[in-house]
Amino acid sequence: MHPQLELLLELQDLKTQRTSLAEDGLSEVESAVFELRPSEALEILDGKIEELAGRLEAPVRARFSEVSQSLGRAVAPVLNGICYGCFVAIPTAWSSEVSRNDRINVCDHCGRFLYYVD
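Definitions and cut-offs
Residues numbered from 1 in each chain as written. Predicted model: local features only at pLDDT ≥ 70, side-chain atom pairs only at ≥ 80, totals over all residues. Heavy atoms only, no water. Helix = DSSP H or I, 4+ residues; strand = E, 2+ residues; numbered from the N terminus. Expected span 1.5 Å × (residues − 1). Buried < 20%, exposed > 50% of the residue type's maximum accessible area, 1.4 Å probe, protein only. Arc of directions from axis to C-beta. Contact = heavy atoms within 4.5 Å. Pairing = 2+ DSSP bridges.

The next point concerns helix 3 (residues 38-54). Look at helix 3: 24 Å from first C-alpha to last across 17 residues, which is about the 24 Å you get at 1.5 Å a residue. Listed as buried for helix 3 are Ala41, Leu42, Leu45, Ile49, Leu52 and Ala53. Viewed along the axis of helix 3, the buried residues span an arc of 105°, placing them on a single side of the element. For helix 3, exposure combined with an orientation more than 90 degrees from the buried face picks out Glu43, Ile44, Glu50 and Gly54. Those residues of helix 3 hidden inside the fold are in contact with helix 1 (3-24) and helix 4 (58-71).

What follows is the structure, given as structure tokens:
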């Protein structure tokens, strides 16, 4: 898998966790086990998000930021030739490539980064 794509997937996961934490907070068990307040946990997640974003190449980081702000999720899986961000079929030539996740692909319709699931 392309290293930038791996970073994008990690970043997307952390942003999802951050959103969930901001909306729901920590459960009593999580607070007790990790000995954290929600604000501390958010700071830790924000720091990790910033660190990972800093490791992205500038054009990838800019696109990730733009798509995240406008659509929420900036990375979407492709299953059976369909972008699961916008549910539009992607070009069949992309689907048949052997090394699909060895480069960064973007959906022509919604602009999300794509990763292929077999």
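Moving on from the model shown.
On a regular strand, one side chain projects to one face of the sheet and the next to the other, so that they alternate. Of all the 5 residues making up strand 1 (residues 75-79), 4 are buried; the element is thus mostly covered by neighbouring parts of the structure. Sheet topology places strand 1 next to strand 4 (residues 113-116); 4 bridges connect them, and they run parallel. Along strand 4, the bridge assignment pairs Val75 with Phe113. Summarising the sheet, strand 1 and strand 2 (residues 82-83) pair through 2 bridges and their orientation is antiparallel. Bridging from a neighbouring strand, Val78 pairs with Cys83 of strand 2. Linking strand 1 to strand 2, which pair antiparallel, is a turn of 2 residues; within it Asn80 sits at a positive phi near 50°.

Distances and angles like these do not, on their own, reveal function.
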